[in-house]
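Here is what each chain is made of, one letter per residue.
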Amino acid sequence: QVQLVESGGGLVQAGDSLRLSCAASGLTFNGYAMGWFRQAPGKEREFVSAISWAGVTIYYADSVKGRFTISRDNAKNTVYLQMNSLKPEDTAVYYCAATKNIVRLRTTADYWGQGTQVTVSS
């Protein structure tokens, strides 16, 4: 069974930083592109970032480019999202996602985590 478990969310003030982690199991981690989506209440889930299996190809949504950094540790089956200079509009549930094709991960995924809440106060 594939399982993606996010952690690291919380309540912070604007300008603060958080680091999200996603631990994966049940899949060949280094054979998958990994990424992050987010969803605010009443809004559609949106793409945030993705990283290829070797970490060479990386995508960011324009809204987070320059502030967020995605990385992965294949030995630990874990992907990270370092979030700096957080803004209130970053408030959302953040979901870890996995697929074998990083291009597909811009819009969808094969596997999803349960999500972790990030709340940024003004």
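Refer to the structure printed above.
Calculation rules
- Residues numbered from 1 in each chain as written.
- Predicted model: local features only at pLDDT ≥ 70, side-chain atom pairs only at ≥ 80, totals over all residues.
- Heavy atoms only, no water.
- Disulfide = S-S within 2.5 Å.
- Helix = DSSP H or I, 4+ residues; strand = E, 2+ residues; numbered from the N terminus.
- Buried < 20%, exposed > 50% of the residue type's maximum accessible area, 1.4 Å probe, protein only.
- Pairing = 2+ DSSP bridges.
- Axes fitted to C-alpha atoms, helices over the stretch in contact; angles between N-to-C directions.

Concerning the state of the cysteines
Alright, step 1. As enumerated under the stated definition, the model contains 1 disulfide in all.
Alright, step 2. C22 shares a disulfide with C96; S-S distance 2.0 Å. The chirality of the disulfide connecting C22 with C96 is left-handed, given an S-S dihedral of about -85 degrees. One end of the pair, C22, is in strand β3 (residues 18–25); the other, C96, is in strand β9 (residues 92–99), and 74 residues separate them in sequence.
Alright, step 3. Given a relative accessible area of 0%, C96 falls into the buried group.

Some points on the pairing of β3
Taken residue by residue, a regular strand's side chains alternate between the two faces of the sheet.
Alright, step 1. Bridge count for strand β1 (residues 3–7) against β3 is 5 bridges, and the pairing is antiparallel. Residue pairing for β3: Q3 is matched across the bridge by S25.
Alright, step 2. One ladder, built from 6 bridges, connects β3 with strand β8 (residues 78–83); its direction is antiparallel. Directly across from L18, in β8, lies its bridge partner M83.

Observations regarding the sheet that holds strand β7 (residues 68–73)
For sheets, the rule is that strands pair by backbone hydrogen bonds, running either parallel or antiparallel.
Alright, step 1. What the 4 strands build is an open sheet, ordered β1-β3-β8-β7; its pairing is antiparallel. Of all strands in the sheet, those with a lone pairing partner are β1 and β7, marking the two edges. Along the sheet, successive strands turn relative to each other by an average axial angle of 15 degrees, direction set aside.

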